[in-house]
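Here is what each chain is made of, one letter per residue.
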Amino acid sequence: MRKPISLRWRLLVPLIITAIITSALLYFTMRQVTKQAVQATQEALLEKAVTSILEQTRFTENNVEIDLPYNIFTMLGAISEDKVYYRVDLDGLFLTGYEDLRLKNLTVDNEYIFFSSTIFRGVKLRQATVQQLFLVNGKSRLIQITVAQTQLFQEAILRDMSRNAGVIGISFFGFALLVALLATRSFLRPINSLAGTVSRRGAHDLRPVKGPTPPELMPLVLSLNGFISRLTGTLRQTETFIAEAAHHIRTPLSLVKSESQLALRKSKSSENRKHLHNIIESVDMSIRSAGQLLDHALVLYRSEKIDEKRLDLAVVVQHVADNLQPAADLKDIIIKTEIINNGDIFVMADRVLLEVALRNMLDNAIKYSNPDQLIFVKMVLDQNFVRIIVLDNGRGIKGVKTKGIHKRFKRGSNVDDVIGSGLGLAIISEICIILGGSFILKNNKGVGACAILQLPVC
Amino acid sequence: MRNITITCLLIYVINLLPVAAFEIELEETFGDNDSVSTVQILSSTDSERFRPVINGFINRNPELSVRYVTASTAEIYTAIATESTTFDLVISSAMDLQMKLANDGFTKTVTLAGNENVPNWARWRSEVFGFALEPIVLLVSKQDFLDLKFPKTRRDLLALMRNNPDIFINRIGTYDPKISGAGYLFSTQDSRQSDTFWRLAEVMGRLNTKLYCCTSKMIEAVDSGELALAYNVLGSYANAELPSDSNAQVIALEDYTQILLRTAVVPLASKRPDLGTRFLDYLISVEGQDILDKQAKLPALNNFEISKLANRKPIRLDSGLLVFLDKLKRSAFLREWDAALFQN
Ligand SMILES: Nc1ncnc2c1ncn2[C@@H]1O[C@H](COP(=O)(O)OP(=O)(O)O)[C@@H](O)[C@H]1O
Ligand SMILES: [Mg+2]
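My aim in this report is to walk through the structure given alongside it, one point at a time. Every chain is numbered independently, its residues counted from 1 as its sequence is written. To read the labels, note that chains go from A and ligands from 1, taken in the order they are written. Given that this is a predicted model, residues contribute local features only at a pLDDT of at least 70 and side-chain atom pairs are listed and counted only at 80 or more, while totals for whole chains, interfaces and linings are drawn from all residues. Side-chain numbers here rest on the full set of heavy atoms in the structure, without hydrogens or water.

## As for the site of ligand 1
Residues and elements named next belong to chain A. Our working rule: Residues are classed as near a molecule or strand on a simple rule: at least one heavy atom within 4 Å of it. We call two N or O atoms a polar contact when they sit within 3.5 Å, provided that within protein one can donate a hydrogen and the other can accept it, with sequence-adjacent residues counted only if both atoms are side-chain atoms. Computed over the protein atoms alone on a 1 Å grid, cavities are sets of points where a 1.4 Å probe fits but cannot get out and pockets are open sets with protein on both sides within 12 Å along at least five of seven lines; a residue lines them when it has an atom within 4 Å of a point. Each molecule is checked against the cavity or pocket grid, and it sits inside if more than half of its atoms lie within 2 Å of the grid points. Think of it this way: any DSSP run of H or I at least four residues long counts as a helix, any run of E at least two long counts as a strand, and we number them from the N terminus. Following the grouping adopted for this structure description, the nonpolar residues are Ala, Val, Leu, Ile, Met, Phe, Trp, Tyr, Cys and Pro, the charged ones are Asp, Glu, Lys and Arg, and the polar ones are all others, Gly among them.
Near ligand 1 there are 21 residues, and of these Tyr368, Arg411, Gly412, Asn414 and Leu425 occur at the shortest range. Contact between ligand 1 and aspartate 392: a nitrogen atom at 2.9 Å from a side-chain N or O atom of the residue. At 2.5 Å, a side-chain N or O of arginine 411 approaches an oxygen atom of ligand 1. Counting atoms within 2 Å of the grid points, the majority share of ligand 1 lands in the largest cavity. Counting residues per element, the ones that place at least two in the shell around ligand 1 are helix 7 (351-367) and helix 8 (424-435). No other element matches the three residues that helix 7 contributes to the shell around ligand 1. Partitioned by chemical class, the residues of the shell around ligand 1 number nine nonpolar, eight polar and four charged.

## Observations concerning a nonpolar patch on the surface
Inclusion rule: Note on patches: the residues involved have over 30% relative accessible area and no salt bridge, like charges join within 9 Å, and the nonpolar side chains Val, Leu, Ile, Met, Phe, Trp and Tyr join within 5 Å. Accessibility throughout is a Shrake-Rupley quantity obtained with a 1.4 Å probe, and a residue counts as covered only by protein chains that appear here. Salt bridges are defined by distance alone: a side-chain nitrogen of Lys or Arg within 4 Å of a carboxyl oxygen of Asp or Glu.
A surface patch of nonpolar side chains, amounting to about 580 Å² of accessible area, comprises A:Ile5, A:Trp9, A:Val13, A:Ile17, A:Ile21 and A:Leu25. For A:Ile21, the location among the structural elements is in helix 1 (residues 7-55).

## Things to note about the interface of chain B and chain A
Rules: Any pair of residues with heavy atoms lying within 4.5 Å of one another is described as a contacting pair. Joining two parts hides part of their accessible area as seen by a 1.4 Å probe, and the buried area is that hidden amount summed over both.
Taken together, the contact pairs 24 residues of chain B with 25 residues of chain A. When the area that chain B buries against chain A is broken down by residue, the three leading residues are B:Asn103, B:Arg125 and B:Leu328, summing to 26%. Here chain B and chain A share two salt bridges between them. Here A:Asp67 ties to B:Lys329 by a salt bridge, and the two come within 2.2 Å at their closest N and O atoms. Linking chain B to chain A there are 19 residue pairs in polar contact (both at pLDDT 80 or more). Only helix 4 (95-103), strand 5 (123-124), helix 7 (181-193) and helix 14 (327-341) of chain B provide two or more residues apiece to the side of chain B that touches chain A. Broken down by element, the residue count for the side of chain B that touches chain A peaks at four residues, all from helix 14 of chain B.

## Some remarks on the sheet that holds strand 9 (residues 334-338) of chain A
The strands making up a sheet associate through backbone hydrogen bonding, with each pair oriented either parallel or antiparallel. Residue and element names in this part refer to chain A. Worth spelling out the cut-off: Following DSSP output, two strands are said to pair if at least two bridges run between them. Fitted lines through C-alpha atoms serve as axes, helices being fitted only where they are in contact, and the angles separating the N-to-C directions of these axes extend from 0 to 180 degrees.
Spatially, five strands are ordered 9-11-12-14-13 in an open sheet, and the strand pairing comes out mixed. Two strands bound the open sheet, and with one partner strand each, they are strand 9 and strand 13 (438-443). Here the strands of the sheet are splayed against their neighbours by 15° on average, with no regard to which way each runs. Pairing of strand 11 (residues 374-382) with strand 12 (residues 385-391), which is carried by seven bridges, proceeds in the antiparallel orientation. Within strand 12, the position partnered with phenylalanine 376 by the bridge is leucine 391. Against the sheet, helix 7 contacts strand 9, strand 11, strand 12, strand 13 and strand 14 (449-456), and its axis sits at roughly 170° relative to strand 14. Sitting on the sheet, helix 8 touches strand 13 and strand 14, and the angle it makes with strand 13 is about 140°.

## Notes on the environment of A:Glu43
Residues and elements named next belong to chain A. Inspection of the secondary structure assignment puts glutamate 43 in helix 1. When the C-alpha atoms of glutamate 43 and arginine 126 are compared, they prove to be 7.8 Å apart, with 83 residues separating the residues in sequence. Not counting residues up to four positions away in its chain, the partners in contact with glutamate 43 are Phe115 and Arg126.

## Structural notes on the side chain of B:Asp326
Applied cut-off: To sort residues, take the accessible area from a 1.4 Å probe on protein chains only and compare it with the maximum for the residue type: under 20% means buried, over 50% means exposed, and anything in between is partly exposed. In this tally, Lys and Arg are treated as positive and Asp and Glu as negative; His is ignored, and so are the chain termini.
As for its placement among the helices and strands, B:Asp326 is situated in the loop between strand 12 (312-314) and helix 14. No salt bridge is formed by the buried B:Asp326; its nearest oppositely charged neighbour, B:Lys100, is found at 7.6 Å. Polar contacts involving the side chain of B:Asp326 include one to the side chain of A:Thr96, which spans 2.5 Å. At 3.1 Å, the side chain of B:Asp326 forms a polar contact with the backbone nitrogen of B:Leu328. When sequence neighbours within four positions are dropped, the list of residues in contact with B:Asp326 reads A:Leu68, A:Tyr86, A:Thr96 and A:Gly97.

## A few points about the environment of A:Asn370
All names here are of chain A. In this structure, asparagine 370 sits in the loop between helix 7 and strand 11. The partly exposed category is assigned to asparagine 370, whose relative accessible area is 38%. Once residues within four sequence positions are removed from consideration, asparagine 370 is found in contact with Ile333 and Gly394.

## A word on the pattern of salt bridges
Applying the stated criterion across every chain yields a total of 30 salt bridges over all chains. In this structure, the salt-bridge partner of B:Asp190 is B:Arg154, at a minimum N-O distance of 4.0 Å. Of the two residues, B:Asp190 sits in helix 7 while B:Arg154 sits in helix 5 (residues 154-163), which places them 36 residues apart along the sequence. Judged by its relative accessible area of 3%, B:Arg154 falls in the buried class. Put simply, B:Asp318 and B:Arg316 hold a salt bridge, and the shortest N to O gap is 3.5 Å. Taking relative accessible area as the criterion, B:Asp318 reaches 6% and is therefore assigned buried. Overlapping salt bridges, with partners in common, bring together A:Lys83, B:Arg125 and B:Glu127 in one network.

## Section: unusual backbone geometry
Unusually for a residue other than glycine, A:Phe409 sits at a positive phi of about 65°. Here A:Phe409 shows up in the loop between strand 12 and helix 8. Looking at A:Phe409, the relative accessible area reads 56%, which means it is exposed. One non-glycine residue, B:Lys297, adopts positive backbone phi at about 55°.

## Topic: the pairing of strand 12 of chain A
All names here are of chain A. For strand 12, a buried count of five out of seven residues is recorded, marking the element as mostly surrounded by other parts of the structure. The hairpin formed by strand 11 and strand 12 contains two residues between the paired strands, and glutamine 383 there has a positive phi angle of roughly 50°. Bridge count between strand 12 and strand 14: seven bridges; the pairing is antiparallel. Following the sheet pairing, phenylalanine 385 is matched in strand 14 by proline 456.

Pasting the structure below:
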């Protein structure tokens, strides 16, 4: 299969060819016009010369008087310094001038001036010839006059002219090329900018493409938007399915949990109680995972239509911390929030997404802390950014390969003993992209881990 | 080996020497005998006048010698146009004949190193180059003008001649246009300038004007008092040849003073056009012009006195000059001249 020709070349090639043809036409037209103008000037002078010689011709009895006009000869040479030759014949016999200059043979009744080109002494000449019959003493006598001039001036002018025309032609070509390039650029700009807006979008931004588009691109935009909406539909179905699946799992699990708790309360045997404890713990984990699956679906769903608001970060953080305190209480863990700057930190974000991110950060901290430990939530303002830091005193992530840890279902090697879904960091990362922030998880200096979410302030 | 070289050299030299079928006035060689090459110059200017420039050229080019042949302007034209001469440079005061040589294709296009030294009005194409000026003046004998005012214009001159026939009869001199090319050029150009010329010719005819071949004879005659006035004399000759206490007075007429260009061409037939060009380049160089002006007394192209002459009329170096060389035109002019001068 042939390589498809780029749009740029499809446009440029005809434009360049047009420019070349136009430049060449310009060059040849200028040359031709100049040539004609110079030729016409020279012919006018030659004509003047032969006619004034003719006018000054007098017959006296048997004699003829020829008067060469001094001023016209001066003029003939003046513009050009071209060489001048002439010849006068009487009754077909050479009378004066240059005998080797050949007279153009005209029929006798020719009265107009005849122009011709000849080669004389190896040089090209332009020649004007005129003839007239005189009636002298009843005898008719024929006077033939020719004046010729070299065309060195014409050649010199044409040389100059060609150079100028060449310069003009080339400049015109250069200009046309520039215009062609600019035109191609401006032609391709809407396409590029469309491509730019589409490619700059977040991974889950499936809003239809809007904004001013040239009418010629509308079909492309329309079909793109159609495609997007179909894709969105498919995605939404998938997410609805996940959400429903999570819900369907959570409900029976809650039932299992409450039934198990009931059995635990009634059970006397320590063996059974231990088993029931394990069941409850696992069910808890499963509920949490199902919750995370829900969260994940929620994030994907919200990314399509973000509801950005100016949020008081301290309020949001406190709210999430309060929500998670009961879960922390189960392990006798205390969440301490430190609010700086009088809480005067605002971010532009979707509240639900921000809460989900914070919840998952705190959830990890609680999950990977030991009982009776403290968790700190701090906020640090750094120029245009705010860093929300969650510090725990748990196992930390020393020596753990963190590369790709934020991918779905990826878990660290430090938590093999704990059940988990591997969705937490994936959710946080996706929210980060949507909110225009960044997230890192690193080992704390002392013990425990340090999760940092950085967001732009407003 | 050496003999062969000399023989070859001899043959070469013999070949180089132009066959002098035309009439030579004087032939002179300047510079060392053992010079490498010789510049062959054919000129209408006396070698005596030209000597300083030739010497200056040889000082600059010690390896060259100069063979300087003088002839009349008409002979010069014949030598180049109809004879197989091989001169490297042709110098002539007959602008019209030089112009015709160039127009008819007997001259070479020359590229001069000092090209910009020759203004546009002093050149035709790159073939004819003017290198010196020559005002055409009136020469009067002071002793005859003791009671008369010097004429300022041709009209004055006319009145003067008409009113004092006793002084001027048989004592006016001018060029014979039939035998002098320069004389023919001056009178034809005069005839273009004004009708006064023909009246002047008539009056001169009535006063039985003597016709001369050359300027120097006229200068002599005025200086000696033989002539009361000479019309159309080469000004530089008068200035150069007359002693300061001379009887002859140079007058540049104020209605107009024709200025002639001394020109040089490099003939197409030259065997060493480079040498001719070299000499020409020297003539137009600052040094050459200075020597011409100060020592040879041939006014340089930018001569100050000439540049401030009232009503100077340089004879234009253009194709118009060809017109009076036409044989019909010439015979018509000379017929008219004869009619004016010899009324009998
Ligand atoms: N506070 C923390 N302390 C130690 N390790 C952590 C902490 N938070 C996250 N991790 C590491 O990051 C991995 C990915 O976390 P996450 O995506 O929440 O999955 P999960 O918690 O279900 O294992 C965890 O498996 C763990 O190795
Ligand atoms: Mg987790």
